[in-house]
Amino acid sequence: MKEHLSFWVQSLDNKSPDIIIKGGTHLCDDKSRQELISEIYRIPKNNKTKIKLHPSPAITLYSSRQKFVIEAVPSEKDQSNRLAPIIIYGVLPNVLPETWAKDVHVVIKAAVSDDLKRTLDDDAFNDIETLLNELKKKWNPHNIRLNFIRSLIELINSVKQLLRKLALWARKLFIWARNLFKA
Amino acid sequence: MLPLIPVFIALSVGIGGGAIATSNWETIIYALKGKTIVVLGARSVGKTTLLKYMEKGIPGGEYKQTLGKQEIKRTHITLNNLNIRLKKTNDVSGDKAAYGVWKKLFKEADLVLYVIRTDRLLEHDSDMERRAEDDLKQIHDWIKEYNSRKQFFIVGNHWSSDSVFKNLTPDKIGDYEDRFRKLPVVKKMTQLAGGNTVVKFALGSLATEKDSDNLIEAIFRQVEK
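Here's what I pulled together on the structure shown here. (Residues numbered from 1 in each chain as written. Chains lettered and ligands numbered in written order. Predicted model: local features only at pLDDT ≥ 70, side-chain atom pairs only at ≥ 80, totals over all residues. Heavy atoms only, no water.)

### Looking at the overall build of chain A
Link 1 in the chain: Helix and strand counts for chain A stand at four helices and seven strands.
Link 2 in the chain: Buried positions account for 38% of the 183 residues belonging to chain A.
Link 3 in the chain: Taken as a whole, chain A presents about 11100 Å² of accessible surface, with 58% of it coming from carbon and sulfur. (Helix = DSSP H or I, 4+ residues; strand = E, 2+ residues; numbered from the N terminus. Buried < 20%, exposed > 50% of the residue type's maximum accessible area, 1.4 Å probe, protein only. Areas by Shrake-Rupley, 256 points an atom, 1.4 Å probe, with all protein chains shown as cover.)

So this is what it looks like as structure tokens:
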């Protein structure tokens, strides 16, 4: 499970390098750090789900196909008294076990406290699990097939409408040209 | 995959206070039309404060460290009774690990605003000096790689706690700016970004609404068509 997850936090002193972990390993070389951050930035934010079930700050999840990003805000603040979010980046495995969200919850909980040394309360972890379960439902291959078929039908209908409009315009143009030649 | 979208200044409308002011602003607006802006800089120098001020017109506030994709919504700045409409942008992390993202934004930009803590450079803060030099070396490589001429601004942001800046009288601001420009690290930064003819300076503060307006105005007044 670990190999599908990456973590990114900024140092609280705003001087030390950001902590970036991929598949359980701290990334130290510039190239791999930059590659991972660029990959995270490539996930568009338009497919976003926010959850705020408790007084703690909201958890945000956004996803694109098999990739997802979770933003959670721990209780620690940086030297400038700013909130210091945690970014969790993951890739959904091809085969999703029933307990996937719970398993990811456990890995995230361990990484946040042991590797990142940050504090998220249990409510926040439960919210993360809820969001992951929603993501899992969306990723269900059966739902994907249904969505694909729906999109295909919509596309066919749009093309039909366009062809109808084109035929109308062609007819008008033909009548106009015919009248022109008659005159 | 959606592209990262830097700030686009689309157009502006409005009425200035007097004839001369309106004329000046019309020139500025004309110069800004269609330009793309990117705001770069190390961590905790005020990039988000500048962008958020452009977005909401409210200085300061409690902000988060910028990690992940932070979108600045479509908005417009009101300066001197004129509205400058902006399209959405992305605020970027100040860590060196985000250089790849900076590069992409840099490539798409016409105006590059490099924000730096003026007070810390004047105090010869070695971390800030080293970081500024590293950033500008990267930018220097991108300038060479893209072989394109961009308008480059060094935007000096003084922290609200900087007593030297707070106690400056109008007749001393010029001396203060001269002292900043003569710093060896600033000279080096200028050279890396294309030299004195390319690099422009805007020094100020984002502590209050008035300060923020003045700083943004100082930048926009120097934009070339």
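### A closer look at the overall build of chain B
Link 1 in the chain: Across its full length, chain B holds nine helices and nine strands.
Link 2 in the chain: Per-residue burial for chain B yields a buried fraction of 52% across its 225 residues.
Link 3 in the chain: Across chain B, contacts joining residues at least 24 apart in sequence account for 74% of those joining residues at least 6 apart. (Contact = heavy atoms within 4.5 Å.)

### Looking at the packing of aromatic side chains
Link 1 in the chain: By the definition in use, this model includes six aromatic pairs over all chains.
Link 2 in the chain: Each ring, one from W8(A) and one from Y41(A), has its centre 6.3 Å from the other, and the planes form 55 degrees; the classification is tilted. Of this pair, W8(A) sits in strand β1 (residues 5–9) while Y41(A) sits in helix α1 (residues 30–41), and the two are 33 residues apart along the sequence. Take W8(A) and Y41(A): they sit in the same class, and that class is buried.
Link 3 in the chain: On the numbers, 6.2 Å between centres and 85 degrees between planes, the contact of F180(B) with F201(B) is edge-to-face. Taken together, the residues F180(B) in helix α7 (residues 173–181) and F201(B) in strand β9 (residues 199–205) connect sequence positions 21 residues apart. Comparing F180(B) with F201(B), the two get one shared label, buried.
Link 4 in the chain: Taken together through their ring pairs, the aromatic side chains of Y99(B), W102(B), F106(B) and W142(B) make up a single cluster. (Phe/Tyr/Trp six-rings, centres within 6.5 Å; stacked < 30°, edge-to-face > 60°.)

### With respect to the interface of chain A and chain B
Link 1 in the chain: Each side of the interface is counted separately: chain A has 33 residues, and chain B has 27 residues.
Link 2 in the chain: The three residues of chain A that bury the most area against chain B are Q10(A), Y41(A) and R82(A), which together make up 28% of that side's buried surface.
Link 3 in the chain: In this structure, D95(B) engages R33(A) in a salt bridge whose closest nitrogen and oxygen atoms are separated by 3.5 Å.
Link 4 in the chain: For the interface between chain A and chain B, the tally reads seven residue pairs in polar contact (both at pLDDT 80 or more).
Link 5 in the chain: Take the side of chain A that touches chain B: its biggest share by element is five residues, from α1(A). (Buried area = accessible area lost by both parts, 1.4 Å probe. Salt bridge = Lys/Arg side-chain N within 4 Å of Asp/Glu carboxyl O. Polar contact = N/O pair within 3.5 Å; in protein donor to acceptor, adjacent residues only side chain to side chain.)

### What to know about the pattern of salt bridges
All names here are of chain B.
Link 1 in the chain: One pass over the full model with this rule turns up 18 salt bridges over all chains.
Link 2 in the chain: Notably, a salt bridge pairs K96 with D134, separated by 2.6 Å at the nearest N-O pair. Residue K96 is located in the loop between β6 (89–91) and α3 (99–108), and its partner D134 is located in helix α5 (residues 126–146); the two are separated by 38 residues in the primary sequence.
Link 3 in the chain: Using a relative accessible area of 33% as the deciding quantity, one classes K96 as partly exposed.
Link 4 in the chain: Taking the relative accessible area as the measure of exposure, D134 reaches 23% and is therefore partly exposed.
Link 5 in the chain: For E145, the salt bridge goes to K103, with nearest N and O atoms at 3.1 Å. Of this pair, E145 sits in helix α5 while K103 sits in helix α3, placing them 42 residues apart in sequence.

### Concerning the side chain of K150(B)
All names here are of chain B.
Link 1 in the chain: Considering the arrangement of structural elements, one finds K150 in the loop between α5 and β8 (151–158).
Link 2 in the chain: For K150, which is buried and forms no salt bridge, the nearest opposite charge comes from D110, at a distance of 6.0 Å.
Link 3 in the chain: Among the polar contacts listed, one links the side chain of K150 to the backbone oxygen of F106, at a separation of 3.2 Å.
Link 4 in the chain: A polar contact of 2.8 Å, which involves the side chain of K150, links it to the backbone oxygen of A109.
Link 5 in the chain: The residues touching K150, leaving out its near neighbours within four places in the chain, are F106, K107, A109, D110, V112 and V198. (Lys, Arg positive; Asp, Glu negative; His and termini not counted.)

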